[in-house]
Amino acid sequence: MESILGLVGNDFAIVAADTSAVHSILVHKSNEDKIMVLDSHKLIAASGEPGDRVQFTEYIQKNVSLYQFRNGIPLTTAAAANFTRGELATALRKNPYHVNILMAGYDKEKGAELYYIDYIASLHKVEKGAFGYGSYFALSLMDRLYHKGMSVEEAIALVDKIIIEIRSRLVVAPPNFVIKIVDKDGAREYAWRESIKDAGVVDA
């Protein structure tokens, strides 16, 4: 029941994801951060099989860092997205990763960008996107309420509406979400939307 979503506003991009780690009928934790900071100005949000998601996003993060270390300049958001798409395409014919990705970044020349990359290595530059069961509600709300040049406040208000809709309409809804933003000041955590806190271990 994963949900990740993202949108581009006025010189910033926002990405949000649920924080539930689930297997079968069990919730293992409710504070799993599914949005990784790739570098100072890039975010990657992923949904899919937990092992594939963690391993693949860490692999991309380390290779983006390696490129910057070797060449002295960071990859642009478009270059990082194309590299990610290429790695998924190569793996698709060997040992495929079941991960869907939203990559957001900010470049001085192009501003904020958002890329949609699915598990069969399709790549699209988008202004809004979502994956998972929550996407049924996220995409319909964004189709109705999203517009170009949104302010941070407008974008956060839209994300909050989507989170409320997912919590109220999805039969097994994730309770907690994390929201991150990337703009000229860098990639960073913006807020958590929590309705359940992880409890400590109960003594027998």
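Remember, predicted model here, so these are calculated numbers, not experimental data.

Draft legend 1. Just the environment of Ser 65, in detail. Note that Ser 65 resides in helix α1 (residues 50-71). Each C-alpha atom, one on Ser 65 and one on Leu 38, is 7.9 Å from the other, the two residues being 27 residues apart in sequence.

Draft legend 2. Just the sheet that holds strand β10 (residues 128-132), in detail. One open sheet holds the five strands; their spatial order is β10-β1-β2-β11-β12, and the pairing between them is antiparallel. Either end of the sheet is taken by a strand with one partner, and the two such strands are β10 and β12 (186-193). Averaged over neighbouring strand pairs, the angle between their axes works out to 15 degrees when direction is ignored. Those strands touched by helix α3 (residues 135-145) are β1 (3-8) and β10, and its axis lies near 165 degrees from that of β10. The sheet contacts of helix α4 (residues 152-169) involve β1, β2 (12-18), β11 (177-183) and β12, and relative to β11 the element is tilted by about 155 degrees.

Draft legend 3. Layout of the pattern of salt bridges. The tally for this structure, following the rule as stated, stands at 14 salt bridges. Salt-bridge contacts for Lys 29 lead to Glu 32; the nearest nitrogen and oxygen are separated by 3.2 Å. Owing to a relative accessible area of 17%, Glu 32 belongs among the buried residues under this scheme. The partner of Lys 125 in a salt bridge is Glu 113, and the shortest N-O contact between them spans 3.0 Å. Pair noted here: Lys 125 is in strand β9 (residues 123-126) and Glu 113 is in strand β8 (residues 111-117), with a separation of 12 residues, a long-range link. Owing to a relative accessible area of 2%, Glu 113 belongs among the buried residues under this scheme. By sharing partners, the salt bridges in this structure join Glu 2, Asp 18, Lys 29, Glu 32, Lys 34 and Arg 53 into a single network.

Draft legend 4. Spatial organisation of the pairing of strand β6 (residues 42-48). Along β6, seven of the seven residues are buried, which leaves the element largely enclosed by surrounding structure. Both faces of β6 are covered, namely the face carrying Lys 42, Ile 44, Ala 46 and Gly 48 and the face carrying Leu 43, Ala 45 and Ser 47. Of the pairings in the sheet, the one linking strand β5 (residues 35-39) to β6 comprises four bridges and is antiparallel in character. Residue pairing for β6: Ile 35 is matched across the bridge by Ala 45. Linkage of β5 to β6, two consecutive antiparallel strands, is achieved through a turn of two residues.

Draft legend 5. Structural context of the packing of aromatic side chains. In the structure shown here, the tally under the stated rule is four aromatic pairs. Aromatic side chains Phe 56 and Tyr 59 sit 6.5 Å apart centroid to centroid with 35 degrees between the ring planes, which places their arrangement in the tilted category. With Phe 56 and Tyr 59 both in helix α1, this residue pair falls three residues apart, about one helical turn. Classification of Tyr 59 by relative accessible area gives partly exposed; the value is 31%. Plain terms: the ring middles of Tyr 116 and Phe 131 are 4.4 Å apart, the flat faces sit at 25 degrees to each other, and that makes the pair stacked. One end of the pair, Tyr 116, is in strand β8; the other, Phe 131, is in strand β10, and 15 residues separate them in sequence. Residue classification places Tyr 116 among the partly exposed residues on the basis of a relative accessible area of 24%. Judged by relative accessible area, which is 7%, Phe 131 ranks as buried.

Draft legend 6. Fine view of the sheet that holds β6. Here five strands make up an open sheet; going across it, the order is β5-β6-β7-β8-β9 and the pairing antiparallel. At either margin of the open sheet sits one strand with a lone partner, and together these are β5 and β9. Here the strands of the sheet are splayed against their neighbours by 25 degrees on average, with no regard to which way each runs. Pairing analysis gives seven bridges linking β6 to strand β7 (residues 99-107), with the strands arranged antiparallel. Within β7, the residue paired with Ile 44 across the bridge is Met 103. Its contacts with the sheet place α1 against β5, β6 and β7, and it is angled at close to 15 degrees to β5. Packing against the sheet, helix α2 (residues 77-92) makes contact with β6, β7, β8 and β9, and its axis sits at approximately 160 degrees to β7.

Cut-offs used in this document
Residues numbered from 1 in each chain as written. Predicted model: local features only at pLDDT ≥ 70, side-chain atom pairs only at ≥ 80, totals over all residues. Heavy atoms only, no water. Helix = DSSP H or I, 4+ residues; strand = E, 2+ residues; numbered from the N terminus. Pairing = 2+ DSSP bridges. Axes fitted to C-alpha atoms, helices over the stretch in contact; angles between N-to-C directions. Contact = heavy atoms within 4.5 Å. Salt bridge = Lys/Arg side-chain N within 4 Å of Asp/Glu carboxyl O. Buried < 20%, exposed > 50% of the residue type's maximum accessible area, 1.4 Å probe, protein only. Phe/Tyr/Trp six-rings, centres within 6.5 Å; stacked < 30°, edge-to-face > 60°.

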